[in-house]
Amino acid sequence: AEIRAALALELPVSSFDLDLGALRQRIEALPAVASAEVRYRGGGYLSVEVVERVPALIWQTREGAVLIDAEGHFVAALDDRDLAAPLPLVGGEGADQVVEEALALHAAAGPLGDRLRGFVRVGERRWDVVLSDDRRILLPEEDALQALDRALALDDVTDILGRDVLRLDLRNPDRLTVQLTPEALEELRRLRALERAGETGERSG
């Protein structure tokens, strides 16, 4: 229906009055069309062959969720399409400019399973991996994929992402930083206070 509307032809029409190049440009201006070929065939038929853009990601923008292809081109609003299968979710300014990296990170994040919610582009420079309960893995600007692999390897050995951790910060490749949940932080403070009290008691005795 969109192609018919873009052609805007009042049939019947003489083939001599058809500007096939202009018709092709109209069709390729449609967001969901990657390329088009328009031909006049014998018997009075106008043939239109279209290569569609294939949605690769759901991009959450300020205006709403949209579908983009593997090259970052807009395909359609999410509500306008019925997806055959779930797609990775990304957000943040500039996420459409680094789709290839987002897809690579999503593939590598497979071991996270249902805990994975999506990826957020931060400052148009780097990624956060968003997990359930708003837990995050903060990836560095460079070598993000390798950093994610290290986080997954650490989780495999220590189950760090299953603990009371809000943020696993890998932005500094030389230092791993962990932000605890408020409850876990309060418990840590309590234990440290007990430890200090015990040391004070020993010195007094």
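Here we summarise the structure given alongside this text. (Residues numbered from 1 in each chain as written. Predicted model: local features only at pLDDT ≥ 70, side-chain atom pairs only at ≥ 80, totals over all residues. Heavy atoms only, no water.)

Description of the pairing of strand 1 (residues 33-41)
To keep things clear, this is the line we draw: Any two strands with at least two DSSP-identified bridges between them are counted as paired. A helix here means a DSSP run of H or I that spans at least four residues, while a strand means a run of E at least two residues long, and both kinds are numbered starting from the N terminus.
As defined by bridge partners, strand 1 adjoins strand 2 (residues 45-52) across eight bridges and the pair is classed as antiparallel. Residue Val38 lies in a different strand from strand 2, and its bridge partner there is Val48. In textbook terms, the turn of a hairpin is the stretch between consecutive antiparallel strands, and for strand 1 and strand 2 this stretch comprises three residues, one of which, Gly43, has a positive phi near 85°.

Observations regarding the side chain of Arg121
The line we're drawing: Throughout, exposure labels follow a simple rule: accessible area from a 1.4 Å probe, protein chains only, divided by the maximum for the residue type, with under 20% read as buried, over 50% as exposed, and the rest as partly exposed. Think of a polar contact as two N or O atoms within 3.5 Å of one another; within protein, one of them needs to be a possible hydrogen donor and the other a possible acceptor, and neighboring residues in sequence only count if both atoms come from side chains. The contact definition used throughout considers only heavy atoms, calling two residues in contact when any of these lie within 4.5 Å.
Relative to the helices and strands, Arg121 is located in strand 7 (residues 116-122). Of the residues examined, Arg121 reaches a relative accessible area of 11% and is grouped as buried. Polar contacts involving the side chain of Arg121 include one to the main-chain carbonyl oxygen of Arg125, which spans 3.4 Å. Aside from chain neighbours lying at most four places away, what touches Arg121 is Gly91, Gly92, Glu93, Gly94, Ala95, Val98, Glu101, Arg126 and Trp127.

Comments concerning helix 3 (residues 99-108)
Selection rule: Throughout, the arc means the angular range of directions from the helix axis out to the C-beta atoms.
Buried within helix 3 we find Val99, Ala102 and Leu105. Each buried residue of helix 3 sits inside an arc of 125° when the element is viewed along its axis, so together they form one side. Residues of helix 3 that are exposed and angled more than 90 degrees away from the buried face: Glu100 and Ala107. Next to the buried residues of helix 3 lie strand 3 (57-61), strand 4 (64-68), strand 6 (89-91), strand 7, strand 8 (126-131) and helix 4 (144-158).

Some thoughts on the pairing of strand 3
Strand 3 sits mainly inside the fold: four of its five residues count as buried. Relative to strand 4, strand 3 runs antiparallel, the two sharing five bridges. What sits directly across from Ile58, in strand 4, is Leu67. Here strand 3 folds back onto strand 4 in antiparallel fashion, the turn holding two residues.

Observations concerning the sheet that holds strand 5 (residues 74-77)
The condition that has to hold: Every axis corresponds to a line fitted to the C-alpha atoms, with the helix fit spanning only the stretch in contact, and the corresponding angles, defined between N-to-C directions, vary from 0 to 180 degrees.
On the basis of which strands lie adjacent, the open sheet formed by nine strands has the order 5-4-3-6-7-8-9-10-11 and mixed pairing. The open sheet has two edge strands, strand 5 and strand 11 (177-180), and neither has a second partner. Each strand of the sheet is rotated relative to its neighbour by a mean of 25°, with strand direction disregarded.

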